[in-house]
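# An overview of the molecular structure
Listed here are the chains, written in short residue letters.
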Amino acid sequence: MAKILIVDDEPRIRALIREHLQHDGFTCEEATDGSAALAALSVGGIDLVILDIMMPFVDGMTCLKEMRKRKIDTPVIMLTARGEEYDKLAGLENGADDYVVKPFSPRELVARVKAVLARTMPRAQSTPESIVFGDLVIDTASHSVKIAGEEAPLTPKEFDLLVFLTQNKGIALSRERILQQVWNYDYYGEDRTVDTHIKMLRGHLGKYRDNIVTVWGVGYKFDPEVKT
């Protein structure tokens, strides 16, 4: 079973999360701040991080940024006490896979953990090694995207979204289907999550941004016929 790193400065919160994860068969490690989390991640073997934003010393957002700077692409679910739009967007823009607002339902958190892991763990076995459109090259083996030889700085979630869109090129995909396939969400997903990630993905694709077409009343599609 997957190993989860719980990062929170409150022992009560860590114990609550650990109890529910272990009940579902997960192995857990704990850290009290971002510095300790980075040390644990440097050893390896962590499949997902539950990361609180508000912590002393090294906070969650700083930890997340450092993870992505170091090319640590371990999935991250952020915990935020405020639930403000800024916290959610900042977490997503810096490479978080999901967020949960405190106070939260432990069962919902476990469901989100399972959804993220179901999407990320089998990824290398379910996609071809490369997807190419012109000089847009999506390399699933190295988890990288290059445009005219220059690497695009996509987050892990943006990468998965681009792979799904390009694998279904020309097909209008509803937000609900994108949530189910990319996030593996059903009830817990939000349409705005898709819209936010589409906006961020377009921002990284340069001349290929317009190949991600908005299908009004439906969702989005990747159209390789759009002139770049």
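Look up: the structure comes first, before these words.
Residues numbered from 1 in each chain as written. Predicted model: local features only at pLDDT ≥ 70, side-chain atom pairs only at ≥ 80, totals over all residues. Heavy atoms only, no water.

### Quick word on the overall build of the protein chain
The helix and strand tally for the protein chain stands at nine helices and 12 strands. The proportion of buried residues among the 228 residues of the protein chain is 50%. Nonlocal contacts in the protein chain, meaning residues at least 24 apart in sequence, comprise 58% of its contacts between residues at least 6 apart. Here the protein chain displays about 11,000 Å² of accessible surface, and carbon together with sulfur accounts for 49% of that area. (Helix = DSSP H or I, 4+ residues; strand = E, 2+ residues; numbered from the N terminus. Buried < 20%, exposed > 50% of the residue type's maximum accessible area, 1.4 Å probe, protein only. Contact = heavy atoms within 4.5 Å. Areas by Shrake-Rupley, 256 points an atom, 1.4 Å probe, with all protein chains shown as cover.)

### Some thoughts on the environment of S174
Within the secondary structure, S174 is located in strand β10 (residues 173–174). Taking the relative accessible area as the measure of exposure, S174 reaches 22% and is therefore partly exposed. Separated by 46 residues in the primary sequence, S174 and Y220 have C-alpha atoms spaced 6.6 Å apart. Discounting chain neighbours no more than four positions away, the residues touching S174 are V218 and G219. Engagement of the side chain of S174 in a polar contact is seen with the backbone nitrogen of R177, the distance being 3.0 Å. (Polar contact = N/O pair within 3.5 Å; in protein donor to acceptor, adjacent residues only side chain to side chain.)

### Topic: helix α5 (residues 106–120)
End to end, α5 covers 21 Å across 15 residues, agreeing with the expected 21 Å (1.5 Å per residue, within 8%). Considered for burial, the residues of α5 that qualify are P106, L109, V110, R112, V113, A115, V116, L117, R119 and T120. (Expected span 1.5 Å × (residues − 1).)

### Section: the nonpolar core
Counting residues in hydrophobic clusters, the biggest one holds 27 residues, and the most contacted among them are V145, L165, I178 and L201. Secondary-structure elements contributing two or more residues to this core are β6 (130–133), β7 (136–139), β8 (144–147), α7 (156–167), α8 (175–183), α9 (191–204) and β12 (219–222). Here this core takes six residues from α7, the largest share from any one element. With residues up to four places along the chain from it excluded, the contact list for L201 reads L154, E158, L161, L162, L165 and I212. In terms of nonpolar packing, the next biggest core, distinct from the first, is built from 24 residues, A31, A40, V49 and I72 among them. (Core = buried A, V, L, I, M, F, W, Y, C linked by side-chain atoms within 4.5 Å.)

### Examining the packing of α7 against α8
Across the interface, α7 lies against α8 with an axial gap of 10 Å and an inter-helix angle of 120 degrees. Taken together, the axis directions place α7 and α8 in an arrangement best described as oblique. The element α7 and its partner α8 pack so that their crossing is right-handed. In this structure, α7 uses K157, D160, L161, F164 and L165 to contact α8, whose residues at the interface are R177, I178, Q181, V182 and W183. Each residue belonging to the contact of α7 with α8 can be placed in one class, and the counts come to six nonpolar, one polar and three charged. (Axes fitted to C-alpha atoms, helices over the stretch in contact; angles between N-to-C directions. Parallel < 35°, antiparallel > 145°, perpendicular 65-115°, else oblique. Left-handed = near helix turned anticlockwise from the far one by under 90°. Nonpolar A, V, L, I, M, F, W, Y, C, P; charged D, E, K, R; others polar.)

### Looking at helix α3 (residues 60–69)
Of the residues making up α3, those classed as buried are G60, M61, C63, L64, M67 and R68. The arc that holds the buried residues of α3, viewed along the axis, is 160 degrees, so those residues lie on one side. You can read the cap of α3 off the contacts: a side-chain oxygen lies 3.0 Å from the backbone nitrogen of M61, and it is on D59. Taken from the residues just after α3, K71 is the one with a positive phi, measuring 65 degrees. (Arc of directions from axis to C-beta.)

### Observations concerning the sheet that holds strand β2 (residues 27–31)
Sheet architecture is open: five strands sit in the order β2-β1-β3-β4-β5, paired in parallel fashion. In this open sheet, the two edge strands, each paired with only one partner strand, are β2 and β5 (98–101). Averaged over all pairs of adjacent strands, the angle between strand axes in this sheet comes to 20 degrees, irrespective of strand direction. The pairing of strand β1 (residues 3–7) with β2 spans five bridges and is classified as parallel. (Pairing = 2+ DSSP bridges.)

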